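# Breakdown of the fold
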Amino acid sequence: HKPSHYTITMPRLRSKKKLKESPLTAHPGSLPTSIDDNGHVMDQAEVSARWKKRGLCAECGGVQTHKVMLRGTVRVPQTVPHLSYKGKCLRCMSMIQAKSSLNEPIDFGDSGRR
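First things first, this report covers the structure right here in the doc. Here the structure is a predicted model, which means the values were calculated and not measured.

Below, the discussion takes up unusual backbone geometry. Backbone geometry at lysine 86 places phi at a positive 50 degrees, although glycine is not the residue there. Of note, lysine 86 is situated in the loop between β5 (84–85) and β6 (88–89). The partly exposed category is assigned to lysine 86, whose relative accessible area is 39%.

Here methionine 42 shows up in strand β2 (residues 41–42). Sequence-distant contacts of methionine 42, defined by excluding residues within four places in its chain, comprise Ser34, Ile35, Asp36, Val47 and Arg50.

Quick look at a nonpolar patch on the surface now. A contiguous nonpolar surface patch, about 310 Å² in accessible area, is contributed by Met69, Leu70, Val74 and Val76. You can see valine 76 is positioned in strand β4 (residues 74–77). Here valine 76 falls in the partly exposed class, since its relative accessible area comes to 35%.

Here we come to the pairing of strand β3 (residues 66–69). In the case of a regular strand, side chains alternate between the two sheet surfaces. Pairing of β3 with β4, which is carried by 4 bridges, proceeds in the antiparallel orientation. Residue pairing across strands places lysine 67 opposite valine 76, the latter belonging to β4. In sequence, β3 turns back onto β4 through a hairpin of 4 residues, with leucine 70 there showing a positive phi of about 55 degrees.

The rules behind the values
Residues numbered from 1 in each chain as written. Predicted model: local features only at pLDDT ≥ 70, side-chain atom pairs only at ≥ 80, totals over all residues. Heavy atoms only, no water. Helix = DSSP H or I, 4+ residues; strand = E, 2+ residues; numbered from the N terminus. Buried < 20%, exposed > 50% of the residue type's maximum accessible area, 1.4 Å probe, protein only. Contact = heavy atoms within 4.5 Å. Patch = residues over 30% accessible without salt bridge, like charges linked within 9 Å, V, L, I, M, F, W, Y side chains within 5 Å. Areas by Shrake-Rupley, 256 points an atom, 1.4 Å probe, with all protein chains shown as cover. Salt bridge = Lys/Arg side-chain N within 4 Å of Asp/Glu carboxyl O. Pairing = 2+ DSSP bridges.

So this is what it looks like as structure tokens:
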């Protein structure tokens, strides 16, 4: 018998920058750790703070909820249909919850989660 030869193909690793910037890898629940530019392992609070500084939802990191200006020192709430309402992420909360948290009157025609 001739010995069988198997070729094992390893998946290509993405560059560190792409890996860190991906919302899937940075989400607190998706991987056990997230690593910053200096190799520091960030906990959930640090990841959420980084997302918030970039104007992203602090819970999921997948929705742009604020426009960021002056290197993150000024954050202006945004409304994007079906994604964010006055700085509140509509992936993480319903329109009714968003309006309630802003002490706005609730129109019961508003649907639940979007």
